[in-house]
Amino acid sequence: SDLVQEIASASKEQASGVNQINTAMGQLSQLTQSNASSSEELSATAEELSAQVSQLQNLVGFFQISAEQNASRTTAPTSRTAIRTRCPLGWE
């Protein structure tokens, strides 16, 4: 009878341990799903930011510094001809 009680007690402990493991696995699964979702959002944000950087580079690339201006970057342009623009529409 003592042996049967010990076996029953050990079985209860094992069942409790299995329940704790199942709970932990469920939490890990939720965390993994949350991380995957965050990763997808971060990836989409990085792609959007990259597209915005390309667009900004194209817009800033509209301005071209003349050789004279490039040689002395510390001074501000003194005339409108110091900065040349490249415009596909032809106006400068």
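Since this is a predicted model, take the numbers as computed values, not measurements. (Residues numbered from 1 in each chain as written. Predicted model: local features only at pLDDT ≥ 70, side-chain atom pairs only at ≥ 80, totals over all residues. Heavy atoms only, no water.)

Enquirer: Please explain the overall build of the protein as it appears in this structure.
Expert: Each helix and strand counted, the protein has two helices and two strands in total. A buried classification covers 5% of the 92 residues belonging to the protein. Carbon and sulfur atoms provide 55% of the accessible area of the protein, an area that totals close to 8,300 Å². (Helix = DSSP H or I, 4+ residues; strand = E, 2+ residues; numbered from the N terminus. Buried < 20%, exposed > 50% of the residue type's maximum accessible area, 1.4 Å probe, protein only. Areas by Shrake-Rupley, 256 points an atom, 1.4 Å probe, with all protein chains shown as cover.)

Enquirer: Can you walk me through a nonpolar patch on the surface in this structure?
Expert: Together, Ile21, Met25 and Leu28 make up an exposed nonpolar region whose accessible area comes to about 310 Å². As for its position among the elements, Met25 is in helix 1 (residues 2-60). (Patch = residues over 30% accessible without salt bridge, like charges linked within 9 Å, V, L, I, M, F, W, Y side chains within 5 Å. Salt bridge = Lys/Arg side-chain N within 4 Å of Asp/Glu carboxyl O.)

Enquirer: Looking at this structure, I do not really get the confidence of the model for the protein. What am I missing?
Expert: Close reading of the predicted structure is inappropriate where its pLDDT is low. Per-residue pLDDT for the protein has a mean of 82; in total, 71% of the residues score no lower than 70. Ranking the elements of the protein by mean pLDDT puts strand 2 (residues 83-85) last, at 49, and helix 1 first, at 96. (pLDDT = per-residue confidence, 0-100.)

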